[in-house]
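# A structural walkthrough
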Amino acid sequence: MMNQSMNQQLVKVSNKSLVLQTIISETPVSRASISQKSGLNKGTVSSLVNELIEEELIFESGPGESSGGRRPVMLHFNQKAGFAIGIDLQVNRLLAVLTDLQGEIIVEQTIKLADNHYSVVLSNFHSIIKELMEKAPDSPYGIVGIGVGVPGIVNNSGMIVHAPNLHWKSIELKQELEATYDLPVIIDNEANGGAYGEKKFGAAKQSENVIYISAGTGIGVGIILNNQMYRGINGFSGEMGHTTIQAGGRKCVCGNKGCWELYASERALLKEAKKVYQQDQIDLEDLIKYANEKDKRALTIIHEIGLYLGYGINSIMNTFNPDEIIIGNRLASLEPFLQEPIEEVTNQNRYQFQQANLHIHFSTLATHSTALGMAAFVCEAFIRPKEGLSFLREFS
Ligand SMILES: [Zn+2]
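Residues numbered from 1 in each chain as written. Predicted model: local features only at pLDDT ≥ 70, side-chain atom pairs only at ≥ 80, totals over all residues. Heavy atoms only, no water.

The name given to the chain in an unreviewed UniProt entry is Xylose-responsive transcription regulator, and the organism recorded there is Halalkalibacter hemicellulosilyticusJCM 9152. As recorded by UniProt, the Sequence similarities (unreviewed entry) comment attached to the chain reads in full: "Belongs to the ROK (NagC/XylR) family." Taken verbatim from the UniProt record of the chain, the Function (unreviewed entry) comment is "Transcriptional repressor of xylose-utilizing enzymes." (UniProt positions renumbered as here; feature names shortened; annotations may be inferred.)

### A closer look at helix H5 (residues 173–181)
Buried within H5 we find Leu173, Leu177 and Tyr181. All buried residues of H5 lie within an arc of 35 degrees about the axis, which places them on one face of the element. Positive backbone phi, at 55 degrees, marks Asp182, one or two positions downstream of H5. (Buried < 20%, exposed > 50% of the residue type's maximum accessible area, 1.4 Å probe, protein only. Helix = DSSP H or I, 4+ residues; strand = E, 2+ residues; numbered from the N terminus. Arc of directions from axis to C-beta.)

### Remarks on the domain arrangement of the chain
A common measure of how large an interface is: the accessible area buried when the components associate. Parsing the chain into structural domains produces domain 1 (1–77), domain 2 (83–194 + 370–383) and domain 3 (204–364). When each unit is reduced to the centre of its C-alpha atoms, the spacing between domain 1 and domain 3 is 45 Å. (Domains from an automatic or database assignment.)

### Regarding the sheet that holds strand E13 (residues 219–225)
Ordered in space as E14-E13-E12-E15-E16, the 5 strands form an open sheet in which the pairing is mixed. Because the sheet does not close on itself, it has two edges, and the strands there are strand E14 (228–229) and strand E16 (359–362). Note that strand E15 (residues 324–328) and E16 share 4 bridges and pair parallel. Looking at the pairing, Ile327 lines up with Phe362 of E16. The strands touched by helix H6 (residues 190–201) are strand E12 (210–215), E13, E14 and E15; relative to E13, the strand with the most contacts, the crossing angle is about 50 degrees. (Pairing = 2+ DSSP bridges. Contact = heavy atoms within 4.5 Å. Axes fitted to C-alpha atoms, helices over the stretch in contact; angles between N-to-C directions.)

### Let's talk about H6
Think of an α-helix as 3.6 residues a turn; residues three or four steps apart then line up on the same face. With 12 residues, H6 should reach 16 Å at 1.5 Å per residue; the first-to-last C-alpha distance of 16 Å fits that figure. Of all 12 residues in H6, 10 are buried, a share of seventy percent or more. For H6, the N-terminal capping position is held by Asn189, with its side-chain oxygen 2.8 Å away from the main-chain nitrogen of Ala191. (Expected span 1.5 Å × (residues − 1). Polar contact = N/O pair within 3.5 Å; in protein donor to acceptor, adjacent residues only side chain to side chain.)

### Here we look at the pairing of strand E3 (residues 73–77)
For E3, a buried count of 4 out of 5 residues is recorded, marking the element as mostly surrounded by other parts of the structure. Note that strand E1 (residues 29–30) and E3 share 2 bridges and pair antiparallel. Considered in E3, the bridge of Ser30 is made with Met74.

### With respect to unusual backbone geometry
What you tend to see is this: most non-glycine residues have negative phi, and most peptide bonds are trans. Looking along the chain, the bond that leaves Thr27 and enters Pro28 is cis, with omega of -5 degrees. Checked against the element boundaries, Pro28 lands in the loop between helix H1 (2–26) and E1. Positioned with a positive phi, Gln278 is a non-glycine residue whose angle comes to about 50 degrees. Tracing the sequence through the fold places Gln278 in the loop between helix H8 (266–277) and helix H9 (284–292). On the basis of relative accessibility, which here comes to 75%, the residue Gln278 falls in the exposed class.

### Things to note about the packing of H8 against H9
Two elements in contact, H8 and H9, have axes whose closest approach is 10 Å; the angle formed by their N-to-C orientations is 65 degrees. Between H8 and H9, the angle falls in the class roughly perpendicular. Here the hand of the crossing between H8 and H9 comes out left-handed. Taking contact as the criterion, the partners of Glu266, Leu269, Leu270, Ala273 and Tyr277 in H8 are, on H9, Leu284, Leu287 and Tyr290. Considered class by class, the residues forming the contact of H8 with H9 number 7 nonpolar, no polar and 1 charged. (Parallel < 35°, antiparallel > 145°, perpendicular 65-115°, else oblique. Left-handed = near helix turned anticlockwise from the far one by under 90°. Nonpolar A, V, L, I, M, F, W, Y, C, P; charged D, E, K, R; others polar.)

### Observations concerning the pairing of E15
Among the 5 residues that make up E15, 5 are buried, leaving the element largely enclosed by the rest of the structure. What you see with E15 is no split at all: Glu324, Ile326 and Gly328 on one side and Ile325 and Ile327 on the other are buried throughout. With 5 bridges connecting them, E12 and E15 associate as parallel partners. For Ser214, the partnering residue across the bridge sits in E15 and is Gly328.

### Side note on the coordination of the zinc ion
On the protein side, the zinc ion has His242 (ND1), Cys252 (SG), Cys254 (SG) and Cys259 (SG) as donor atoms, found 2.0 to 2.3 Å from it. One can describe the site at the zinc ion as tetrahedral: its 4 donor atoms subtend angles covering 104 to 123 degrees at the metal. Between consecutive donors of the zinc ion, the numbers of intervening residues give the motif H-x9-C-x1-C-x4-C. The buried category is assigned to Cys259, whose relative accessible area is 0%. (Donors = N, O, S within 2.8 Å, 3.2 Å for Na, K, Ca; no water. Tetrahedral: all angles 85-135°; square planar, octahedral: opposite > 155°, others 65-115°.)

Dropping the structure here:
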């Protein structure tokens with residue numbers, strides 16, 4: 001009997017989730033149309049809709065445009081029912097966004113990190129989170145969770161196993177934040193967050209097989225195959241920044257030599273620029289300025305980085321045969337200068353027959369892909385709880 005009632009609950013949970021998903025994707029939509037699209041009968045739809053209205057996840061609006069007959073009441077997803085915090089942890093800054101349940105940014109905040117020591121970064125986390133929480137508008141559910149993208153390897157239980165560019169090992173940021181804020185916390189590799197952000201809101205909306213290249217201080221890759229995030233068996237996929245592109249090349253913090261990110265990342269670019277300009281404080285913004293002024297030295301350095309990005313992109317094309325490759329993170333702001341050298345390499349080596357449907361784009365979300373993607377993971381978990389467990393708790 002227990003099992004039977006559990007099953008009934010699960011069916012109800014999954015029906016309710018289906019109704020909510022239909023409203024989210026079709027908003028505004030009538031009850032009749034939900035019934036048609038979901039295959040659930042009108043009575044079931046009606047009672048689940050009433051529950052969702054009571055829970056303030058959806059709301060009704062007055063009759064739509066008249067088309068002669070009786071005008072139905074329309075249902076809308078209440079995207080302001082709660083808010084998510086998405087944070088992109090970079091080597092030298094934190095970028096945080098507060099979004100509604102549909103990824104619309106309400107507030108954003110950046111903190112420069114003077115130091116990568118975990119205790120310093122953690123106190124910056126607390127101040128940025130508190131600031132966004134204070135700025136969150138009133139809502140029925142408040143903050144529904146915190147998502148953090150990190151430049152390193154994260155295992156399936158959310159532990160930061162190794163972040164070489166931060167010199168972090170075995171860091172339990174998830175536990176720390178969960179304990180402090182009593183909220184669900186999702187930690188993921190920043191390239192996975194970026195890939196999801198682009199898939200949900202950016203250049204990859206229409207694509208099923210997406211490779212997102214996060215070209216920042218280092219390089220990471222987020223992989224979406226058949227509309228699913230691909231994480232590998234332990235969550236360690238996408239460390240393509242550490243594939244060898246130069247045998248016996250430059251020495252890397254990962255222990256290998258000649259890794260891709262030593263030749264094609266922001267750090268590689270700035271290292272070269274510092275040498276060429278004999279200037280220690282030069283940053284990406286300076287280089288963009290010089291390149292816009294057509295300074296030959298800047299153009300040459302950036303061209304070189306573009307060629308190296310192209311070599312890595314070739315491997316990605318040949319490995320995954322994706323329909324979309326997106327170049328994101330800091331180096332995406334060099335799009336006008338990188339496009340040509342990248343194409344120079346990829347066009348030369350492209351198996352035309354194999355890559356006919358491939359698009360290569362730069363991020364359309366500027367530097368926000370990861371923060372937005374992490375906030376979206378949180379919203380997804382809130383709206384579509386795994387196995388419907390949190391809905392189930394309410395019912396029992
Ligand atoms: Zn390496």
